[in-house]
Amino acid sequence: MYLVLPRREREKADSFSFLFPESHHSPGNRGQGFPSIFFFSGLLSSFSFPSVSSFVLLFDRHSSSMGDVRIDDLPRRLSSEDARILLESTDVFIFDCDGVIWKGDMLIEGVAQTMEMLRSMGKKLVFVTNNSRKSRRQYAKKFERVGLTVNEEEIFSSSFAASVFLESINFPKERKVYIIGEEGICEELELIGLTCLGGPEDGKKRIDFKPDLFIEHDKSVGAVVVGLDQYINYYKIHYATLCIRGNPGCLFIATNQDASGHMTDSQEWPGAGSMVGAIRGSTQKEPIVVGKPSQLMMKLLLERFQTDASKMCMVGDRLDTDILFGLNGGCKTLLVLSGVTTLAGLTDPSNNIHPDYYTEKVSDLMELV
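The paragraphs below set out a description of the structure included in this document. (Residues numbered from 1 in each chain as written. Predicted model: local features only at pLDDT ≥ 70, side-chain atom pairs only at ≥ 80, totals over all residues. Heavy atoms only, no water.)

### Some words on helix 12 (residues 319–329)
Condition: Each residue is placed in one exposure class: buried if its accessible area under a 1.4 Å probe, protein chains only, is under 20% of its type's maximum, exposed if it is over 50%, and partly exposed if it falls in between. Counting from the N terminus, the helices are DSSP H or I runs at least four residues long and the strands are E runs at least two residues long. Contact criterion: two residues are considered in contact whenever any of their non-hydrogen atoms come within 4.5 Å of each other.
Within helix 12 the residues assigned to the buried category are L319, T321, D322, I323, F325, G326 and G329. Looking at the buried side of helix 12, the elements it contacts are helix 11 (296–305), strand 15 (312–316), strand 16 (332–336) and helix 13 (343–347). Once helix 12 ends, the next one or two residues include G330, with phi positive near 85°.

Right under this line is the structure:
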């Protein structure tokens, strides 16, 4: 049998480990573990659970007898007390955007008031998005359109992360960058003096398989950056493949590998991961990923705010990017169910990425205190 407990009960449970002798729960002695049943009845009464759903007892599927005991984390719904403690212990809140702040061009209910409350409490806010379609300047305008005042310095997009990465490796100015993506990537790379090819312009190009068709590619391309691209086509895939395969040392950079995202308020759409997957398939190479959950942007945030990661909280709607980004960086983590991740997905036994807390939407931070 598996005993699954919340994280804060782990130490208490560990103190009872001497009561589980190997003879009672080893695979070779199944059926001899019944004394543990009486132990469990006493042990469970010694723990404080927020609700009955905070622990799960799972019996061995292959036997009616008891198997090993495992203590693990379970998702914890944000309570009023949790919200109060989280607000008191956090100096910097890091927010994802799509599915957290807005869906498409629609602000999620209660976000504006929550941001106002956090600023009034002296909290620093930063917005870290994997959506590379816009530059920081363009995102600042979008924030303004939806009714939020956010400075460019508070915005960290994956398009910006691509430029930071190329600067960090001293990418030669004489080399060019081919882009599968949109204006955001082009603008951020041009700000650091790089020449870009592709982007939205190549979205107009088409392939016609004539017998003598041969596409020339620029031999000075030293990197291919792949992000979300609503104008992706066969020409772009082919050109990027030619550069990565044919130009010595050409880098394959992905802004992110998100499978999907809320590009509109009405439904999810394929994410940049589908574009990255096309180039991975055609080149048989793995990309350098600069967006979440890569720690490149976490390093930038820690340098910017000069604070300990434990004083930061990552708020996002994706387990494999937002929450993993925060966990790997040592931050507190809060999953909101207003975007991609569902409660069923969070609690699925196959999921091994567990936030510190989860809640329905960002405004619960305000409504619970």
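### A look at the nonpolar core
It is characteristic of soluble globular proteins that their nonpolar side chains tend to be buried jointly. Let me state the cut-off plainly: In this description, a nonpolar core means a group of buried Ala, Val, Leu, Ile, Met, Phe, Trp, Tyr and Cys residues linked to one another through side-chain atoms lying within 4.5 Å.
By size, the foremost hydrophobic cluster in this structure holds 35 residues, and its most contacted members are I94, V126, F156, L166, V177, L189 and L301. If you list the elements that add at least two residues to this core, you get strand 3 (92–95), strand 6 (124–129), helix 7 (158–168), strand 8 (176–180), helix 8 (183–191), strand 10 (221–226), helix 11 and strand 15. Listed in part, the 31 residues of the second largest apolar core include L86, V100, I108 and V336.

### Focus on the sheet that holds strand 14 (residues 288–289)
Definition in use: Whether two strands pair depends on DSSP finding at least two bridges between them. Simply put, an axis is a line fit to the C-alpha atoms, just over the touching stretch for a helix, and the angle between two N-to-C directions goes from 0 to 180 degrees.
Judged by pairing direction, the sheet is parallel, and its five strands sit side by side in the order 9-8-10-11-14 without closing on themselves. In the strand order of this sheet, the two ends are held by strand 9 (195–198) and strand 14, each with one partner. By the bridge criterion, five bridges tie strand 8 to strand 10 in an arrangement that is parallel. In the sheet register, I179 faces strand 10, and the bridge partner there is V225. Relative to the sheet, helix 8 contacts strand 8, strand 9 and strand 10, its axis offset from that of strand 8 by approximately 165°. The strands touched by helix 9 (residues 234–246) within the sheet are strand 8, strand 9, strand 10 and strand 11 (251–254), with strand 8 carrying the most contacts at an inclination of about 145°.

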